[in-house]
Every structure is written in C-alpha cells, then in structure tokens.
Amino acid sequence: MRNAVILFACLLTAQLCNAQADTVKTYAVQDSVKVDTIQKLKFNYKQLIIPSILIGYGVIGIESDQLKSFNTQIREEVKEDIDQKTSIDDFSQWAPAASVFALDAFGVKAKHSLRDRGVMLATSYVIMSSTVFALKSISHIERPDGTSKNSFPSGHTATAFAGAEFLWQEYKDKSVWYGITGYAVATGTGIFRIYNNRHWLTDVAAGAGIGILSTKIAYWVNPFISKTLFGKKEETHPTSFIMPFYDGKNAGIGFVKTF
C-alpha cells in the first residue's frame, strides 16, 4: 500500500509541475493580450506525457507478469492492513468537479462561463465514460475481490481525475492550491479503490490517465463545440445541458441549466 501511495504522489507532483509550467506561459499571454470569454487552449504534446504514462502503465500491466506480481503484492499488503471498507470513494469521485461550481457560486469566479463549463464537463464525461466502458468490455480483468470481471480501468478514479483536471483548468490562474487539492482528492479516491479491494494499481493508474486526458481533450475541442452549438454569441439565451456519466458501476445523467 505504501508503494501505491508513493507512486501516486510522484505522478501527482509531476502532473502539477507540468501544468504549472503551462500556467506561467498563460500569465505571460494575459499580461499583453486580452483573453476571450472562451479560453482557447493550444494543443501541447507535453500535456500528454503524464496521462500517457499512466494509461501505458495500466495497459502494460494487463499482460506483464512483473506488474501483475506487483499488483498482487499491494493487494496482500492491503488485506493485512484493512480493518473495514469505506464508501468515501463513492462520494469523493465527484468532489473535484462539484467544487468548480461551488466555488463560482460562492464568489470565486471560474475562468469560463457556466455554459462553457457545462459543455466542457459534459464533453469530458462522455469521452471518459465511453473509454472506460469500452475498455471494461474488452479487457475482462477480474477484480481483486473476485466479484466481477470489469476491473480495468477504474471508473471511480477516472471520474475523480477528470474532475481534478477540470478544477485545475478553471482555477489555476487563481491559485495553484486549487489544483493541488483537486488532485489530492482524486489520488485519495484511487487509493481507496485499492484499499477497498475493488481495483488493482494498474486499474487505478489507467483510470487516472483517462480522466486527465478526457478533460484536456474537452478543453482543446471546446471552441469548436461552442461555435457549432451556439454560434459566436456567448450568453444571450438560457441554455441547458445533459451530462451522461458512467464510472464502471453507476450510470446516470447530470443536468445543468443557465439563466
């Protein structure tokens, strides 16, 4: 279990350091150029490094005997330390994304409008959910507790990290601590999935990478989606959004309405 915590801490630090470097560039642009209501995020291949490592680690772990052995070692450590399972991960997976709307409601203004945030979060969840569902259907990896064969990747972790990246993108210009907090909660969600004997480390790593990458893609394509759906005008009429989600266990639809 200690090994899993150390690995996630290292990856979290690397992700935030990489993101902070991009933030410095953003500040430089904002000093000289007025930023549009819809923030256009240019594609940067460096932003793919951490998600790719996480996803790659998970995918390789499906066949790698060494990583499978590491998975088993961590499970045995967890089984020795576990006293009682917790359901905190069922709720913490939603906390980072929910924080974006809560902070804005309490006066800490997000980077984008409610409408654009709704579109980007919906896009992220669609990408993330469809990817998780497809991989679960294809891989048929048995869960550590033996209850089913849909362990890979972790939907809870993917949801949490998609929300953490969403929180980071909206508030990185306010303070780096918003991003740190979001990623810490997401990391905790992944660790609890292992602690509850519901996922292997490789499942959680892949889920984290998918979640991060899904939100990054959502931000990259948002200008095109917003222009396609709403035209050039930003907020002239009330709008509504339906956000489907699937975390590997639960499926549902979220609803956001702007006035």
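Residues numbered from 1 in each chain as written. Predicted model: local features only at pLDDT ≥ 70, side-chain atom pairs only at ≥ 80, totals over all residues. Heavy atoms only, no water.

Draft legend 1. Inspection of the pattern of salt bridges at higher detail. As enumerated under the stated definition, the model contains seven salt bridges in all. Between Arg75 and Glu76 there is a salt bridge, with its nearest N and O atoms 3.7 Å apart. Since its relative accessible area comes to 22%, Arg75 is described here as partly exposed. What makes Glu76 partly exposed here is its relative accessible area of 34%. (Salt bridge = Lys/Arg side-chain N within 4 Å of Asp/Glu carboxyl O. Buried < 20%, exposed > 50% of the residue type's maximum accessible area, 1.4 Å probe, protein only.)

Draft legend 2. A look at unusual backbone geometry. Cis geometry marks the peptide bond from Phe152 to Pro153; its omega dihedral reads -10°. Tracing the backbone through its elements, the reader meets Pro153 in the loop between helix 6 (114–139) and helix 7 (155–171). The phi torsion at His140 lies on the positive side, around 55°, for a residue other than glycine. By the secondary structure assignment, His140 is in the loop between helix 6 and helix 7. (Helix = DSSP H or I, 4+ residues; strand = E, 2+ residues; numbered from the N terminus.)

Draft legend 3. A look at the packing of helix 7 against helix 9 (residues 201–230). At a closest axis distance of 7 Å, the pairing of helix 7 and helix 9 adopts a crossing angle of 40°. One element, helix 7, and the other, helix 9, form an angle in the oblique class. Between helix 7 and helix 9 the crossing geometry is right-handed. Contact residues: Thr157, Ala158, Phe161, Ala162, Glu165, Phe166, Gln169 and Glu170 in helix 7; Val204, Gly207, Ala208, Gly211, Ile212, Thr215, Lys216 and Tyr219 in helix 9. The residue inventory of the contact of helix 7 with helix 9, partitioned by class, reads eight nonpolar, five polar and three charged. (Axes fitted to C-alpha atoms, helices over the stretch in contact; angles between N-to-C directions. Parallel < 35°, antiparallel > 145°, perpendicular 65-115°, else oblique. Left-handed = near helix turned anticlockwise from the far one by under 90°. Contact = heavy atoms within 4.5 Å. Nonpolar A, V, L, I, M, F, W, Y, C, P; charged D, E, K, R; others polar.)

Draft legend 4. Quick look at the nonpolar core. With 15 residues, the main nonpolar core has Tyr125, Met128 and Phe166 as its most contacted residues. Those elements that place two or more of their residues in this core are helix 5 (95–105), helix 6, helix 7 and helix 9. Counting residues in hydrophobic clusters, the runner-up holds 11 residues, among them Phe161, Trp168, Tyr183 and Ala186. (Core = buried A, V, L, I, M, F, W, Y, C linked by side-chain atoms within 4.5 Å.)

Draft legend 5. Quick peek at helix 5. The complete set of buried residues in helix 5 reads Pro96, Ala97, Val100 and Asp104. Along the axis of helix 5, the buried residues cluster in a sector spanning 115°; they form a single face. Along its buried surface, helix 5 packs onto helix 4 (88–92), helix 6, helix 7 and helix 8 (176–195). Looking at the residues trailing helix 5, positive phi occurs at Gly107, about 100°. (Arc of directions from axis to C-beta.)

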